[in-house]
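# Tertiary structure, described
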Amino acid sequence: MGLLSDPVRRRALARLVLRLNAPLWALPVAWLERTMRSVGLEVYTQSFSRKLPFPDETHERYMVSGINVYGILRAPRAASTESLVLTVPCGPESTNSQAVGLMLALAAHFRGQIYWAKDIIFLVTEHDLLGSEAWLEAYHDVNVTGMQSSPLQGRAGAIQAAVALELSSDVVTSLDVAVEGLNGQLPNLDLLNLFQTFCQKGGLLCTLQGKLQPQDWPSVDGPLQGVQTLLLMVLQQASGHPHGAHGLFLRYRVEALTLRGINSFRQYKYDLVAVGKALEGMFRKLNHLLERLHQSFFFYLLPALSRFVSIGLYMPAAGFLLLVLGLKALELWMQLHEAGVGPEQAGGTSGSSPPLPATQRVGLASLVAPLLISQAVGLALYVLPVLGQHVAAQHFPVAEAEAVVLTLLAVYAAGLALPHSTHWVASTQAPDRSWMALKLVALIYLALQLACITLTNFSLGFLLAATMVPGAALTKPSGPRPLCAALLVLTSPAATLLGGLFLWQQLQEAPLSPAEGWRLFLAALAQGVLEHHTYGALLFPLLALGLYPCWLLFWNVLFWK
Amino acid sequence: MVDTCFLGRGFTTLVGLLLLPFGSLAASQIEDQAEQFFRSGHTNNWAVLVCTSRFWFNYRHVANTLSVYRSVKRLGIPDSHIVLMLADDMACNPRNPKPATVFSHKNMELNVYGDDVEVDYRSYEVTVENFLRVLTGRIPSSTPRSKRLLSDDRSNILIYMTGHGGNGFLKFQDSEEITNIELADAFEQMWQKRRYNELLFIIDTCQGASMYERFYSPNIMALASSQVGEDSLSHQPDPAIGVHLMDRYTFYVLEFLEEINPASQTNMNDLFQVCPKSLCVSTPGHRTDLFQRDPKNVLITDFFGSVRKVEITTETISLQPDSGIMESSYKKDLMDEELMEPLKYAEQLPVAQIIHQKPKLKDWHPPGGFILGLWALIIMVFFKTYGIKHMKFIF
C-alpha cells in the first residue's frame, strides 16, 4: 500500500510530473503570426524536431521540437529572385524579446518603402541555433544533420546576406559583432566594413570580441590590445563553434553577421532607435548590391574593427611550421637510405639483394600494425562515447552526458597504454630502422593533415601545428623518457584544448581556477561532440579520427623498445 | 602759290578726314563679309548621346546623358536627329525611390526623364559594335530609322559619351571596351564617307583626354572632363535617392547650357572655361588643332542647337495665274539661268592640302653595326682573294 498502488493517485502523480517537465517557455507562435500579418508580411511557420544524441546539460534539452515563424516582405517592383534575412534566434534561456520587438518595428518601417529590390525575410527561430539550422536546411532543400523539419511553404529566392540580432535589454551601451562561423568560416570582409561604417556614421560604440577599439596605435598599448583581440579571434575560430546564428548561414555561402547588444555599466546608453537606424542603413546598402559580396577578403584575422591581417601575411607562418615536419621527414628518409645501403656494401656481391627486400618487407609489416591500431583507437574514440552511453549509464551512477565525456577521456587515456601491448608485433630485426620508418610515416601523415586543416581553418591548423610540431619533430626512443613523455602529453590535442580554454578565459579578463577550468573543459568536450552531431562541426572528428591517431604514432615511437 | 598749296594740302587732309569714317565702315563691312565667310556651312544638326554603364550605382552616367539630351532637344534638335543610347534603365529600376524620374540636381530640382524621352538604343543594345555601326553607317537594312545616324556632308554632329574609362579606353557595360584608336578610325571612316561637316566630341569619364589623343580626321573639336592620370569626380550624392546624381563636369556644363537659348551668340571659348580645376578637381581639356575655324567663331548652337539660317527678303513677288505669261516667264528664267554666272562656293574643305601631305623628313642615322660589319667582311674577302696590292689603288 503505497503512493503508487492506487491507479488514480498514480495517474495524478504522472500528470504532475509531466507538467513539471514541460518547457516553461515556448515561442508565442500565434501572436507572432498575427502581428506579422498585421504589419503586412506574408507569414509562414515551420515545425522541426530532433532527438539529440545525448542530453545537453548546458541548454537542458534532449528531445527538441519547435516552430519557426518567418514573414516575407516582397519587393514591390522586383521579381523575388534575391532576398535578405533578418533573423532573431530565441531560446528558453535567452528569450531575445527586445530583438523581436525591434525586428517587428523594422518590418513595419520597411513595408512603407518602395525602394526594395530584394525580398526581406524576418525570421524568428525557436531553440536558437537548432531552429536556424532546421530553417536553413529546409530552405536550401538539403539534409546534412539529420534534422526532421517540415518543408517550407513560402520561399523568397537566393539569400544574399543575413544579419542575426541578439538583444537582451531595450537600451544598449555597445554593439558587439561576431564574425566567426561554423568550422571557422568567415563572411566577406565587406559586410564587416559595412557594419563599421554605420557604427561610425551613427556614433554607436561598437566592439569586437567584447573589446573596445584601441585608439593609440603609435604607442605600445594599441598593438597590445590588438594582439589580444587577434588571439581571441584565433581561439574562437579554431573551436569551430558557430558563435551565433550567422555561423550556420555561412555554410550555404550566405554572408552573415551576428550583432549583440550589450548593456554594461557605462553611462552613455543608446536606445533601440539608434540600433534600428544602423540596421536600416545596412539593409538599404545590401539592397543596392547587384552581385554577391565577393570583392573583399574571405580569409582574414582582425586585431581591431578597422584593421585586418590578410591571408598572404599569416599563411607563410603555418607554411614554415609544416616545413619543419617536411625537413625532419627528409632527414629520416636519408638516414633510412644510408642504413639500407650500409649492410648491402658490407655484405659484398653475394646475397646482397635478398636480405634487403626481406628487411624492407619486415619493416613495412612492422609499420602497418601500429598504424592500424592507432587508427582503430581513434575510431573507438569517435564512435564509442555516443554508442556506449546507455551501457555506461546503466553500469555507473552517471548521467548520459557525463558518460559520454568520461568515455572520451577513458579511451584517450587507454591509448596512452598502447605501446606496452603492441610490442609483440614489432620486429626484432633492425629495431632502429623500424622506429625511424614509423616516425617518417607519422611525420608525413601529420604534415598532410595539418596542411589540409590550415587551408580551410587557419586558426585551428596553426594552433595544432604550433603545439604538435615541436613534439613530433623531437620524439626519439632514446633520451629521458619520462620528461619526453610528459612533454608529448602536454602537446597532445586534448591538452591543447584545455590550454586554449584557459587562455581564452584569461584574455576575456575572467581567469579560471583549475577546478572551474576542468569543469569547463568537460562541458566543452560534450559540446564538441554534440555540435558535430547537430550542426556538422568538424573539430571532433578531425581530432578523434585524424590527429589523435597521429599523435599516438609518436607516442609509440617514444616508447619503442 | 604757297597759299594754294597750303589750301590744297589742307583740303586733301580734310577730305581724307571726312572719308576716314567711310573707309572704316567699308573695312568693317569687309570684315563682316570675311566673318560670314568663316561661319559654319552646316545645314543640319545631329547628336549621338551615349551612356555606357549599367547598374544602379552608375545612376549619374544616365543622368549625365539625359541632361545633355534635354539641352540639345530644348535648343532645337528633334528626336529624329538624336541617337540616344542608355545602357541601363534608372527610372524604372526597383531601387529608385522616385519611380519614372531621373534627377540631376540635388534636392530633386530637375527631372531630366520626363514624358517625351525617346531612347533609341537601350540596355544590352548599347555595345561597341552597335555604336560603331551607328557612326559609320554600316547598319543592317532592317534597322529602323530612329536607330540610324543619317547625316550628310553638311551635318554638324555632337557626340557625347560618358561612363567609366581609363587611359585609352572606355568601358561598355562592364564587359567590353572601345579604344581611342578604334574611335579615331571610326571618325576617319565618317570623314571619308563625308558623313559630317564638323564634329564636336565631348567625353566625361576618368582620364577622358586619352580618348581624343588619336584623332586624325579634320574638323573635329574635342572636350574631355579630365586629363590622363586624373579621375573625373562625381557631384554630391542625394540622401533620398542614395546615389550620386551627376558628374561634376557635366553638372557645370548643364548649368552653362541652361543659359543658352537658340539665339545665343556664346562661342566655344566659353565652353572651354566651364568647370575650372577649383570646381571640378580634375582639369578639363580640349583639342582644337584639327578644327578649321577659330573656336571663338564657333557658336554653341552650331552643335547643341539646330539653328536654321533664314534670310528675310523685303522684295515682293506677284504671282499671276495666266499660263501664257507663266510659260514665257519660265523661258525667261531659263535664259536668265544661262546668263547668270556660275555660282561660286567657298573652298570649305581644302582636301588637296589634307590628303597630299608632304612626306615626313626622316632623320639620317649612321649605318648600324651589322651593315658596317657586313661591308667590312665583303671588302676583306675581296682583298684577300685578289691580293692586298689593290688596296694601294684606293688609298
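Residues numbered from 1 in each chain as written. Chains lettered and ligands numbered in written order. Predicted model: local features only at pLDDT ≥ 70, side-chain atom pairs only at ≥ 80, totals over all residues. Heavy atoms only, no water.

A count of helices and strands for chain B gives twelve helices and ten strands. Put simply, 74% of the contacts in chain B that link residues at least 6 apart link residues at least 24 apart. Total accessible area on chain B is roughly 23300 Å²; 59% of this is exposed by carbon and sulfur atoms. (Helix = DSSP H or I, 4+ residues; strand = E, 2+ residues; numbered from the N terminus. Contact = heavy atoms within 4.5 Å. Areas by Shrake-Rupley, 256 points an atom, 1.4 Å probe, with all protein chains shown as cover.)

Let us now look at the state of the cysteines. What the rule picks out here adds up to two disulfides over all chains. Residue pairing for Cys199(A): its cysteine sulfur links by disulfide to Cys206(A), the two sulfurs lying 1.7 Å apart. One quick way to see it: the torsion about the S-S bond of Cys199(A) and Cys206(A) is about -80°, and its sign makes the bridge left-handed. With respect to burial, Cys199(A) and Cys206(A) carry one shared label: buried. Across a sulfur-sulfur distance of 1.7 Å, Cys275(B) and Cys280(B) are joined as a disulfide pair. Between Cys275(B) and Cys280(B), the disulfide has an S-S torsion of 95° and is therefore right-handed. Overall, Cys280(B) belongs to the buried group, its relative accessible area being 2%. Of all cysteine sulfurs, the one in Cys206(B) lies closest to Cys51(B), which takes part in no disulfide; the gap is 14 Å. The buried category is assigned to Cys51(B), whose relative accessible area is 0%. (Disulfide = S-S within 2.5 Å. Buried < 20%, exposed > 50% of the residue type's maximum accessible area, 1.4 Å probe, protein only.)

Residues and elements named next belong to chain A. Of all five residues in strand 8 (residues 174-178), five are buried, a share of seventy percent or more. Side chains Ser174, Asp176 and Ala178 project from strand 8 onto one buried face, and the interleaved Leu175 and Val177 project onto a second face that is buried too. Strand direction decides the pairing type here: strand 8 and strand 10 (residues 255-262), joined by five bridges, are antiparallel. Residue pairing for strand 10: Ser174 is matched across the bridge by Ile262. With three bridges joining them, strand 8 and strand 9 (residues 206-208) adopt parallel strand pairing. (Pairing = 2+ DSSP bridges.)

A contiguous patch of negative charge, built from Glu57(A), Glu60(A), Glu93(A) and Glu402(A), is present on the exposed surface. Along the chain, Glu57(A) turns up in the loop between strand 1 (42-56) and strand 2 (61-73). (Patch = residues over 30% accessible without salt bridge, like charges linked within 9 Å, V, L, I, M, F, W, Y side chains within 5 Å. Salt bridge = Lys/Arg side-chain N within 4 Å of Asp/Glu carboxyl O. Lys, Arg positive; Asp, Glu negative; His and termini not counted. Charge placed at Lys NZ, Arg CZ, Asp CG, Glu CD.)

Moving on to helix 5 (residues 248-258) of chain B. With eight of eleven residues buried, helix 5 of chain B lies mostly within the body of the structure. All of the buried residues in helix 5 of chain B are Tyr249(B), Thr250(B), Phe251(B), Tyr252(B), Val253(B), Leu254(B), Phe256(B) and Leu257(B).

It is worth spelling out the interface of chain B and chain A at this point. With 14 residues of chain B at the interface, the matching set in chain A holds twelve residues. Both faces combined, the contact of chain B with chain A buries some 1000 Å², and carbon together with sulfur accounts for 56% of it. Applying the counting rule to chain B against chain A returns seven residue pairs in polar contact (both at pLDDT 80 or more). Taken together, the residues of the side of chain B that touches chain A sort by class into ten nonpolar, three polar and one charged. (Buried area = accessible area lost by both parts, 1.4 Å probe. Polar contact = N/O pair within 3.5 Å; in protein donor to acceptor, adjacent residues only side chain to side chain. Nonpolar A, V, L, I, M, F, W, Y, C, P; charged D, E, K, R; others polar.)

What follows concerns the sheet that holds strand 9 of chain A. Residue and element names in this part refer to chain A. Read from one edge of the open sheet, nine strands run 5-1-2-4-3-6-10-8-9, paired in mixed fashion. In this open sheet, the two edge strands, each paired with only one partner strand, are strand 5 (148-149) and strand 9. In the sheet, strand 2 pairs with strand 4 (residues 119-125) via five bridges, with the strands oriented antiparallel. What sits directly across from Tyr70, in strand 4, is Leu123. Packing against the sheet, helix 5 (residues 189-202) makes contact with strand 6 (158-167), strand 8, strand 9 and strand 10, and its axis sits at approximately 35° to strand 10. (Axes fitted to C-alpha atoms, helices over the stretch in contact; angles between N-to-C directions.)

Our focus in this paragraph is the packing of aromatic side chains. Residue and element names in this part refer to chain A. Here the structure, examined in full by the defined rule, presents 28 aromatic pairs over all chains. Seen in terms of ring centroids, Tyr314 and Phe458 are 4.3 Å apart; in terms of plane orientation they differ by 35°. Their pairing is tilted. In this pair, Tyr314 sits in helix 9 (residues 311-347) while Phe458 sits in helix 15 (residues 458-474), placing the two residues 144 residues apart along the sequence. Phe458 carries the same exposure label as Tyr314, and that label is buried. Arranged with centres 5.4 Å apart and planes meeting at 20°, the rings of Trp551 and Trp555 form a pair that is stacked. Taken together, the positions of Trp551 and Trp555, both in helix 19 (residues 539-558) and four residues apart, correspond to about one turn of that helix. Residue classification places Trp551 among the buried positions, given a relative accessible area of 2%. Relative accessible area serves as the criterion here: at 6%, Trp555 is assigned to the buried category. Taken together, the ring pairs connect Phe110, Tyr115, Trp116, Phe122 and Phe283 into an aromatic cluster. The residue whose ring lies beneath Lys201 is Phe198, and the NZ or CZ to ring-centre distance is 5.8 Å. Above the face of the Trp217 ring, Arg307 is positioned so that its terminal group lies 4.0 Å from the ring centre. (Phe/Tyr/Trp six-rings, centres within 6.5 Å; stacked < 30°, edge-to-face > 60°. Lys NZ or Arg CZ within 6 Å of the ring centre and 35° of its normal.)

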